[in-house]
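Letter by letter, the chains look like this.
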Amino acid sequence: DQQVKQNSPSLSVQEGRISILNCDYTNSMFDYFLWYKKYPAEGPTFLISISSIKDKNEDGRFTVFLNKSAKHLSLHIVPSQPGDSAVYFCAASDTGGSYIPTFGRGTSLIVHP
Amino acid sequence: DTAVSQTPKYLVTQMGNDKSIKCEQNLGHDTMYWYKQDSKKFLKIMFSYNNKELIINETVPNRFSPKSPDKAHLNLHINSLELGDSAVYFCASSPRLAGAYNEQFFGPGTRLTVL
């Protein structure tokens, strides 16, 4: 029962272009969403988050968009850089209930120079 | 000064053995977690501790026993290892138990291989 789905296992983008990573969720109780970035042989590191009261949150080159009606969020990276090449995990939590985040299986982003 | 550290980084062992993985955080966080990342790449919560007290224990075989001697440490002991236990185990911590803006800080992972 995958409550958080990242349907694209990988994404390849040219340096300088936009990277768009997608995430869908099924649990309507989720109200807080996070993106983590993971390099090989390291643990995930927090990147950006968004609360369900917002539909957009921006931090430098990274922007997360939330569409609650579609139960969909996306992470935009503009412009993409080779150092952004990593696995990106989407996570969602129900802060009023089972607050432990549920993770997707990740999308591997490769940014070509 | 690593925020969340795990030892060992790699662990290769035979079926039936007992092994432990140690985790320490120097962030002063109240809550610590163990996650398992299996071959399908999902990060699945195993345990959550808050101020040394077990809060969450997902459907994990009782061969897995977490121990928290203090708020900064959460160790994972595994008895009678099985082939299916092969995975990467991540320790994590967060400032508090619940609520938004409570992102987790992860350790580097321990790759366990059971032969």
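Up top you'll find the structure we're talking about.
The structure reproduced in this document is the subject of the present report. (Residues numbered from 1 in each chain as written. Chains lettered and ligands numbered in written order. Predicted model: local features only at pLDDT ≥ 70, side-chain atom pairs only at ≥ 80, totals over all residues. Heavy atoms only, no water.)

### A word on the sheet that holds strand E8 (residues 73–78) of chain B
Residues and elements named next belong to chain B.
So, step 1. The strand order across the open sheet formed by four strands is E1-E3-E8-E7, and the pairing between neighbours is antiparallel. Each having just a single partner strand, strand E1 (4–7) and strand E7 (64–70) make up the two edges of the open sheet. This sheet shows a mean twist of 20 degrees between the axes of neighbouring strands, independent of strand direction.
So, step 2. Taken together, the five bridges between E7 and E8 define a ladder with antiparallel strand orientation. (Pairing = 2+ DSSP bridges. Helix = DSSP H or I, 4+ residues; strand = E, 2+ residues; numbered from the N terminus. Axes fitted to C-alpha atoms, helices over the stretch in contact; angles between N-to-C directions.)

### Quick look at the interface of chain A and chain B
So, step 1. Chain A puts 20 residues into the contact, and the matching count from chain B is 24 residues.
So, step 2. Between chain A and chain B, roughly 1800 Å² of surface is buried when both sides are summed, and carbon and sulfur atoms account for 66% of that area.
So, step 3. In this assembly, chain A and chain B are joined by four residue pairs in polar contact (both at pLDDT 80 or more).
So, step 4. Every element with two or more residues in the side of chain A that touches chain B is listed here: strand E4 (32–38) and strand E5 (45–51) of chain A.
So, step 5. With four residues, E4 of chain A is the largest single contributor of residues to the side of chain A that touches chain B. (Contact = heavy atoms within 4.5 Å. Buried area = accessible area lost by both parts, 1.4 Å probe. Polar contact = N/O pair within 3.5 Å; in protein donor to acceptor, adjacent residues only side chain to side chain.)

### Concerning the pairing of E4 of chain A
All names here are of chain A.
So, step 1. Of all seven residues that make up E4, seven are buried, and the element is covered over most of its length.
So, step 2. Taking every second residue as pointing to the same face, both faces of E4 are buried, with Tyr32, Leu34, Tyr36 and Lys38 on one and Phe33, Trp35 and Lys37 on the other.
So, step 3. The pairing of E4 with E5 spans six bridges and is antiparallel. Considered in E5, the bridge of tyrosine 32 is made with serine 51.
So, step 4. Linking E4 to E5, which pair antiparallel, is a turn of six residues; within it alanine 41 sits at a positive phi near 65 degrees.
So, step 5. Two strands pair when backbone bridges link them, and E4 and strand E9 (residues 86–93) are joined in this way by seven bridges, in the antiparallel orientation. Residue lysine 37 lies in a different strand from E9, and its bridge partner there is tyrosine 88. (Buried < 20%, exposed > 50% of the residue type's maximum accessible area, 1.4 Å probe, protein only.)

### With respect to the sheet that holds strand E6 (residues 56–59) of chain A
Residue and element names in this part refer to chain A.
So, step 1. Read across the open sheet, the five strands follow the order E1-E3-E8-E7-E6; overall the sheet is antiparallel. Because the sheet does not close on itself, it has two edges, and the strands there are strand E1 (4–5) and E6.
So, step 2. Alignment of strand E7 (residues 62–67) against strand E8 (residues 72–77), held across six bridges, turns out to be antiparallel. Residue pairing across strands places valine 64 opposite leucine 75, the latter belonging to E8.

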